Amino acid sequence: QAAAEIRTKALSAVALVAGRNVMIKLVALLGNVVFARLLSPSSFGTVAFGLTLLLFMQLLSDGGLGVGLIRRPEEPHLEDLRVLLGYQLILAIVLAALVGFAGVVGPFGQAGLVTAIMMPALPLLAFRTPSSIVFERSLNYQPLVRAEVAEELAYYAWGIGLIVLGAGVWGLATASIVKALVGTLVMLSVSPLRRLVPSYSWQRLRPMLDFGIRFQAVGLTNVAGLQLLNVGIASSGGLAMLGLWALAWRVLQIPFLLFSALWRVSYPAAAQLLSAGESARSMIERGLGLAAVATGVILAPATGSISPLIPAVFGHRWAP
C-alpha cells in the first residue's frame with residue numbers, strides 16, 4: 001500500500017512538474033523573443049556567460065547536501081537543516097564576494113561586470129534550500145512549482161521593463177537578483193521552515209558531505225564543461241557568436257521538457273520506494289518508455305521546422 005501511494009504521488013508530481021516546465025518554457029520563449037528583438041547577439045552572449053557561471057557557483061555552494069538528506073531513509077532532523085542553511089550561506093557569500101571582486105577588477109570587461117552584478121542572487125537562493133528538501137522529500141511539488149513560475153515571471157517582467165527603459169544588458173543582470181528574491185520569498189511564504197535560523201556544526205556537516213560531494217561532482221562537471229564551451233566560443237568567435245549559441249541552446253531545451261520532469265521527480269520517488277523495501281525498476285522502465293515516445297513527438301516536427309522559424313520569430317539577425 002505504501003509503494004502504491006508513492007507511485008501515485010510520483011505520477012502526480014511528474015504531471016505537475018511537466019506542466020510547470022511547459023508553462024515556464026512558454027514564458028521563456030515569449031521573453032526570449034522580446035529579448036532577441038531588443039538586444040544584440042553580443043549582449044545575449046555576455047548574459048549567457050554570467051548565467052552559466054552563476055549556476056556553477058550555485059552548484060558549488062550547494063555541495064549536493066540537499067540530495068543526501070532527500071536520500072536518507074529517516075526524516076532529516078531540524079538541526080541538520082539549520083546546519084545546511086548555515087554552511088550554504090557562508091559558502092554562497094564567500095563565492096559571491098570572490099567572483100564579484102574578480103569580475104570588477106579583472107580583465108573581463110563588460111562580461112565580468114555583468115557577472116558581478118548577478119552574484120548577490122547566490123545568498124538569496126541559499127535561504128530556500130531547507131524548504132526545497134522538505135517539499136521534495138515528501139513529493140510535494142506544488143509550492144516549488146509556484147515559486148519557480150513566480151520567479152520566471154518576475155525575471156522576464158523586470159528584464160523586459162528595464163531593457164525597454166534603456167538599461168540594455170544591465171536590465172538582464174539585475175533581473176537575476178529579482179528572480180532569486182521573488183522565488184525565495186514565495187517559497188518561504190508557504191514553508192514550515194520560513195523562520196529557520198542557521199547553525200554551524202562540523203559533526204553534523206561531515207556525514208552530509210561524504211555523499212553530497214560525490215553526487216554534486218556530476219552536476220559540477222556538466223556545468224564546468226558548458227562554461228568552458230562558452231569561453232571557447234567567445235574566444236574564437238566573439239560574444240556575438242556566443243549569443244547565437246546561447247539562443248540556440250535555449251530553443252533546444254524544449255524537447256527536454258518531459259525528461260527534466262522525470263529526472264527531478266524520479267530521485268526522491270525512487271528513494272522513498274527503496275526505503276519502503278520496494279523495487280523502483282518497473283516505475284523507471286515505464287517512465288523511460290513514456291519519455292521516449294513523447295520526446296519523439298516533439299523532436300520530429302521541430303527538426304523539420306526550426307530552421308525557417310528562427311528568423312521569422314526572433315528576427316533575421318538570428319538566422320545563423
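See the structure printed just above.
Let me sum up the structure you'll find in this document. (Residues numbered from 1 in each chain as written. Predicted model: local features only at pLDDT ≥ 70, side-chain atom pairs only at ≥ 80, totals over all residues. Heavy atoms only, no water.)

1. Details of the overall build of the protein chain
Rules: Strands here mean DSSP runs of E at least two residues long; helices mean DSSP runs of H or I at least four residues long; both are numbered from the N terminus. All radius of gyration figures rest on C-alpha atoms, and the globule criterion is 2.2 Å times the number of residues raised to 0.38. For every residue, the accessible area (1.4 Å probe, protein chains only) is compared with the maximum for its type, and the residue is labelled buried under 20%, exposed over 50%, or partly exposed between those bounds. Each accessible area is a Shrake-Rupley result for a 1.4 Å probe, and residues are judged covered by the shown protein chains and nothing else. In summary, the charge assignment counts Lys and Arg as positive and Asp and Glu as negative, without counting His or the chain termini. Taken as the charge location is NZ of Lys, CZ of Arg, CG of Asp or CD of Glu.
The helix and strand inventory of the protein chain stands at twelve helices and zero strands. Secondary structure of the protein chain in N-to-C order comes out as α-α-α-α-α-α-α-α-α-α-α-α. Its C-alpha radius of gyration of 20 Å places the protein chain within 12% of the 20 Å reference for a compact globule of 320 residues. Seen through its C-alpha atoms, the protein chain measures out along the principal axes to roughly 55 × 45 × 35 Å. Burial analysis of the protein chain (320 residues in total) assigns 46% to the buried set. Counting every atom, the protein chain has about 15,500 Å² of accessible surface; 70% of that belongs to carbon and sulfur. Taking the average location of the 22 positive side-chain charges in the protein chain and that of its 13 negative ones, the two points are 6 Å from each other.

2. Here's the deal with a nonpolar patch on the surface
For clarity, the threshold we go by: Residues qualify for a patch when their relative accessible area is over 30% and they have no salt bridge, like charges being joined within 9 Å and the nonpolar side chains of Val, Leu, Ile, Met, Phe, Trp and Tyr within 5 Å. Any carboxyl oxygen of Asp or Glu within 4 Å of a side-chain nitrogen of Lys or Arg constitutes a salt bridge here.
A surface patch of nonpolar side chains, amounting to about 480 Å² of accessible area, comprises Phe-101, Val-104, Val-105, Leu-113 and Trp-170. Counting residues per element, the nonpolar patch draws most heavily on helix 4 (residues 78-105), at three residues. Along the chain, the position of Trp-170 falls in helix 9 (residues 169-189). Overall, Trp-170 belongs to the partly exposed group, its relative accessible area being 33%.

3. Thoughts on the environment of Pro-143
Rules: The contact criterion used is simple: two residues touch if any of their non-hydrogen atoms lie within 4.5 Å.
Tracing the backbone shows Pro-143 in helix 8 (residues 142-164). Taking the relative accessible area as the measure of exposure, Pro-143 reaches 8% and is therefore buried. Considered as a pair, Pro-143 and Pro-123 are 20 residues apart in the sequence and their alpha carbons are 20 Å apart. Those residues in contact with Pro-143, other than ones at most four positions away along the chain, are Phe-135 and Val-190.

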